[in-house]
Amino acid sequence: MRYGKSENTACWSRARTHMACRGLLLLIAGLAGTVPAHGTTARGSGNATPPRMVIQVNDDRMTVMIAGAPQIYLYGVIDADAPQRFETLVKSGKISPGSDVYLNSVQGDLAAGMALGRLFRAGAMTTHLGTPRHKGRAGYRGIKAAVCSGACTYAYFGGLYRWAPTGSDRISLIRHQAAGAAPNQSESGEADAYLKSMGIDLDGLALAPTPPGDSPTWLTADQMTVAGLANNGRLPLKTKSWLLPPAPFLDLQQDDRDGSHRLVLQCRPGSVTLTAYDLVGAPRARQIVAHETRSYFEVDRQEVLVEPRGAARAVDDAVVITRPYPPAELGHLLSSHSLGAWVGGRRSAFRYGATFVLYPARHAIKDFYNACWRAAPWPVKPSPKKG
């Protein structure tokens, strides 16, 4: 499910064009240049320095314009000093809050991985798996698959928004991680506290039996999204309701990296209203409304309640769409997969709003439906007579 910008806007949709954007941006990064990497890996023999995590910052204008945020690549061994180097770049302003962080590491210090995760969360950063494109003798080499395991997985969990692996990228839990324990007792307590602070619960993760020892368990994208380990750009849906007469209401709130979105169903005697709030900031709200040619709601991706220009309003920092909703149609929401509200423009690429997945709010919708019926019952269409 996608939120924010139009499905028809290439490379601006993170959910459906994630891989296509990444390939384009990696090529642009190679052409436009990047901030030099911080950290080295051991080469040769003799007095070689211990391997260190490399931090590569891609914050050129083209990358930020297309992706909407700088791209930070962390790869190699997560050494004990990696969090300090990363924090120094944050404090200097070279790594911005809200950046996209791409990880590729299979070795490293567990405590350092958790420290990196805390820095990601403090900066409201988004974590992905990914590798940068490097220039070789034969030109730009193809994008290799990223692998994240051990300390890297703990760092990944620190992302406020966490994208599940795509393509050939892979992420794993070591068996002691899946069991909720680290290699020793002190690390186990610290790891458990870290996961709890990040809102990560491994208990509900359905895993196949693994051999004894610290063997990796590779996770699928579906496993990660179902268990909440990945949220693909949006936080859990929040519900708030008042179910007493004379005016029961249900408030759905969805926060994603593009902003905050609300849908409010209000029931009064003789009417039901549906109001959508897309909180984008006052200047942007006015700009969106100025380019509006129509606004509408969607139920299971099908347009309903379509109105021409002028039905959407800019109120404070939000784009607001309000419609009377047929009370007899409330029952359909109990079985609907999604409900959305959108503003469209002259061009098909101009579409702003949000779509809410209703499954997490199923019980709240049912309770609201019953409360609305008790407060203001509506006529029920008679069943067609047979014969």
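Residues numbered from 1 in each chain as written. Predicted model: local features only at pLDDT ≥ 70, side-chain atom pairs only at ≥ 80, totals over all residues. Heavy atoms only, no water.

A. Layout of the packing of aromatic side chains. One pass over the structure, following the stated rule, counts seven aromatic pairs. Both rings, one in Trp-373 and one in Trp-378, keep their centres 5.0 Å apart while their planes meet at 85°; by these two values the pair is edge-to-face. Residue Trp-378 is classed as buried on the basis of its relative accessible area of 11%. The ring of Tyr-277 carries the charged tip of Arg-262 above its face, separated from the ring centre by 4.8 Å. The ring of Tyr-352 has Arg-284 sitting right over it, with the charged end atom 4.7 Å from the ring centre. (Phe/Tyr/Trp six-rings, centres within 6.5 Å; stacked < 30°, edge-to-face > 60°. Buried < 20%, exposed > 50% of the residue type's maximum accessible area, 1.4 Å probe, protein only. Lys NZ or Arg CZ within 6 Å of the ring centre and 35° of its normal.)

B. Highlighting the sheet that holds strand β15 (residues 259–268). With antiparallel pairing, six strands are arranged side by side in an open sheet as β13-β14-β15-β16-β20-β19. Strand pairing shows two members of the sheet lacking a second neighbour, β13 (238–242) and β19 (312–315), which therefore form its edges. Ignoring which end each strand starts from, the neighbouring axes of this sheet average 20° apart. Examined bridge by bridge, β15 and strand β16 (residues 271–279) share nine bridges and lie antiparallel to one another. Looking across to β16, one finds that Ser-260 is bridged to Leu-279. The sheet contacts of helix α9 (residues 282–290) involve β19 and β20 (318–324), and relative to β19 the element is tilted by about 160°. (Pairing = 2+ DSSP bridges. Helix = DSSP H or I, 4+ residues; strand = E, 2+ residues; numbered from the N terminus. Axes fitted to C-alpha atoms, helices over the stretch in contact; angles between N-to-C directions. Contact = heavy atoms within 4.5 Å.)

C. Fine view of α9. Of the residues making up α9, those classed as buried are Ala-285, Ile-288 and Val-289. One side of α9 carries all its buried residues, which in axial view fall inside an arc of 95°. Turned more than 90 degrees from where α9 packs its buried face, Pro-283 and Arg-286 sit exposed. Among the structural elements, β19, β20, β21 (338–344) and β22 (351–357) are those in contact with the buried residues of α9. (Arc of directions from axis to C-beta.)

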